[in-house]
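Each chain, written out:
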Amino acid sequence: MAKPILLSWSGGKDSAWALHLLRADPAYEVVALLTTVNQHFHRVAMHGFREELLDAQAAAIGLPVWKIPLPWPCANDVYEGLMSEACARAVREGIKGVAFGDLFLEDIRAYRVARLAGTGLDPVFPCWLLPTPQLARDIIAAGFRAHLTCVDPRTLDKSFAGRIFDASLLDDLPGSVDPCGERGEFHTFVSASPEFSRSIEVSRGEVVERDGFVYADLVSC
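Description of the structure in this document. Being a predicted model, the structure only gives us computed values, none of them experimental. (Residues numbered from 1 in each chain as written. Predicted model: local features only at pLDDT ≥ 70, side-chain atom pairs only at ≥ 80, totals over all residues. Heavy atoms only, no water.)

1. Focus: the packing of helix α1 (residues 13-23) against helix α5 (residues 132-141)
One way to put it is that α1 packs onto α5 with a least axis distance of 11 Å and a crossing angle of 75°. Compared by their axis directions, α1 and α5 come out roughly perpendicular. Here Lys13, Asp14 and Trp17 of α1 lie close against α5, whose contacting residues are Leu135, Asp138 and Ile139. Here the contact of α1 with α5 is composed, by residue class, of 3 nonpolar, no polar and 3 charged. (Axes fitted to C-alpha atoms, helices over the stretch in contact; angles between N-to-C directions. Helix = DSSP H or I, 4+ residues; strand = E, 2+ residues; numbered from the N terminus. Parallel < 35°, antiparallel > 145°, perpendicular 65-115°, else oblique. Contact = heavy atoms within 4.5 Å. Nonpolar A, V, L, I, M, F, W, Y, C, P; charged D, E, K, R; others polar.)

2. So, the pattern of salt bridges
A pair can form between side chains of opposite charge whenever their charged atoms are brought close. Using the criterion set out here, one finds 15 salt bridges in the structure. For Lys13, the salt bridge identified is with Asp14, shortest N-O distance 3.0 Å. For the pair Lys13 and Asp14, one class covers both residues: buried. A salt bridge links Asp172 to Arg163; the shortest N-O distance between them is 3.0 Å. We classify Asp172 as partly exposed; its relative accessible area is 42%. Look at Arg163 and you get partly exposed, because its relative accessible area is 24%. A single network of salt bridges, built from pairs that share partners, joins Arg43, Arg50 and Asp217. (Salt bridge = Lys/Arg side-chain N within 4 Å of Asp/Glu carboxyl O. Buried < 20%, exposed > 50% of the residue type's maximum accessible area, 1.4 Å probe, protein only.)

3. A word on helix α3 (residues 76-92)
For α3, built from 17 residues, the straight-helix expectation of 24 Å at 1.5 Å per residue is met to within 8% by its first-to-last C-alpha distance of 24 Å. Glu80, Leu82, Met83, Ala86, Cys87 and Ala90 are the residues of α3 that are buried. Each buried residue of α3 sits inside an arc of 160° when the element is viewed along its axis, so together they form one side. Across from the buried face of α3, at angles greater than 90 degrees, the exposed residues are Asp77, Glu85 and Arg92. Residues of α3 that are buried make contact with β1 (3-8), β2 (28-38), β4 (65-70) and α4 (106-116). After α3 finishes, the residue Gly94 shows a positive phi value of roughly 85°. (Expected span 1.5 Å × (residues − 1). Arc of directions from axis to C-beta.)

See below:
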């Protein structure tokens, strides 16, 4: 029998690839998406795209999304408390694990494992240690369409904000930048995927700098 799990959903290409892998694995059944949302801006935390686009992704995937409302600014203890509440709800509803799209950062993986310890939920890492240069090209070849919504200008020029994640972009990335942005160089929004019943049409709006990052606002067409 497939194990029911939540998927930590950023809306970006790595969590979308994790969903792609998990839906092909008979050992798991993804029953809901789990996403943190900045209450002040009504945007997905870190990735910075509008909450309405998150809703469009969930509808296209055909899964409910559990939104974790974060205050702004948000202290870490507040974040952890809200996540603990979500974990308790998951256990009450018979869910057995939480999957993450992490690729190779050991400290992030260790943190997630530690936070789930004793909750009754198993951590699942379907993308772990996939080589990122090949993974980036596999994502594109599989028919995913993603847009860079957030760029760290300390590692990547702000002109990349809003660009499509495609072969041309990969060719333009500096050698110091991970092809999947795993070290936080950039974050993405997925607008098309084999797991979507329909694509989400967006255009690039205003580009702004906030809290040390550059965000490209994506607007529904």
